Amino acid sequence: MANPPKVPIAETNPVPASVQDQITLALLANGGIPRIQAAFRQRLDEAGWSENLRNYVTALFRSGECTTFFEAMEKVKERVGLEGRDGFEGELVVPRSVGEEVAGVVRRELEGICEMGK
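Residues numbered from 1 in each chain as written. Predicted model: local features only at pLDDT ≥ 70, side-chain atom pairs only at ≥ 80, totals over all residues. Heavy atoms only, no water.

(A) Geometry of the overall build of the protein chain. Across its full length, the protein chain holds five helices and four strands. Here the protein chain holds 118 residues, and the buried ones make up 25% of them. (Helix = DSSP H or I, 4+ residues; strand = E, 2+ residues; numbered from the N terminus. Buried < 20%, exposed > 50% of the residue type's maximum accessible area, 1.4 Å probe, protein only.)

(B) Looking closely at the environment of Val106. Among the structural elements, Val106 can be located in helix α5 (residues 96-113). Since its relative accessible area comes to 28%, Val106 is described here as partly exposed. As a C-alpha pair, Val106 and Phe40 span 66 residues in sequence and 9.8 Å in three-dimensional space.

(C) Main features of the confidence of the model for the protein chain. Mean pLDDT over the protein chain works out to 86, with 84% of the residues at or above the 70 mark. Averaged pLDDT values over the elements of the protein chain bottom out at 58 in strand β1 (residues 6-8) and peak at 96 in helix α2 (residues 32-46). (pLDDT = per-residue confidence, 0-100.)

(D) Summary view of the pattern of salt bridges. Scanning all chains against the criterion turns up five salt bridges. One salt bridge connects Arg35 with Glu109, and the closest N-O pair in it is separated by 2.7 Å. Here the residue Arg35 occupies a position in helix α2, and Glu109 occupies one in helix α5, the gap between them amounting to 74 residues. What makes Arg35 partly exposed here is its relative accessible area of 39%. For Glu109, a relative accessible area of 12% puts it in the buried group. A salt bridge links Glu101 to Arg43, with the nearest nitrogen and oxygen atoms 2.8 Å apart. Note that Glu101 is positioned in helix α5 and Arg43 in helix α2, a separation of 58 residues in sequence. (Salt bridge = Lys/Arg side-chain N within 4 Å of Asp/Glu carboxyl O.)

Written out as structure tokens, the structure reads:
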């Protein structure tokens, strides 16, 4: 990227939308988004989360609690959270270690396309 976006990571204000757009385009152009997705999927699989999700959704349909994709999606969204955050616990909680590992992947991808300020 000729002029990499500057991301003021030390600020508490959100990154401006125009900079977010530049970052997204750069990640799309260099293949960063698929790498982030693959890393997240792999870590979730290794932690058993993907299997837990499949089992939970299967149980929703078998019990008759849900009969459509959209009903199941709403139930899943109610149950998904990050370990240790907002009291989330149970089989659909993303382990904190997964979040930390994937955050590292995201940071490395961003460092490849952005000037990270402090």
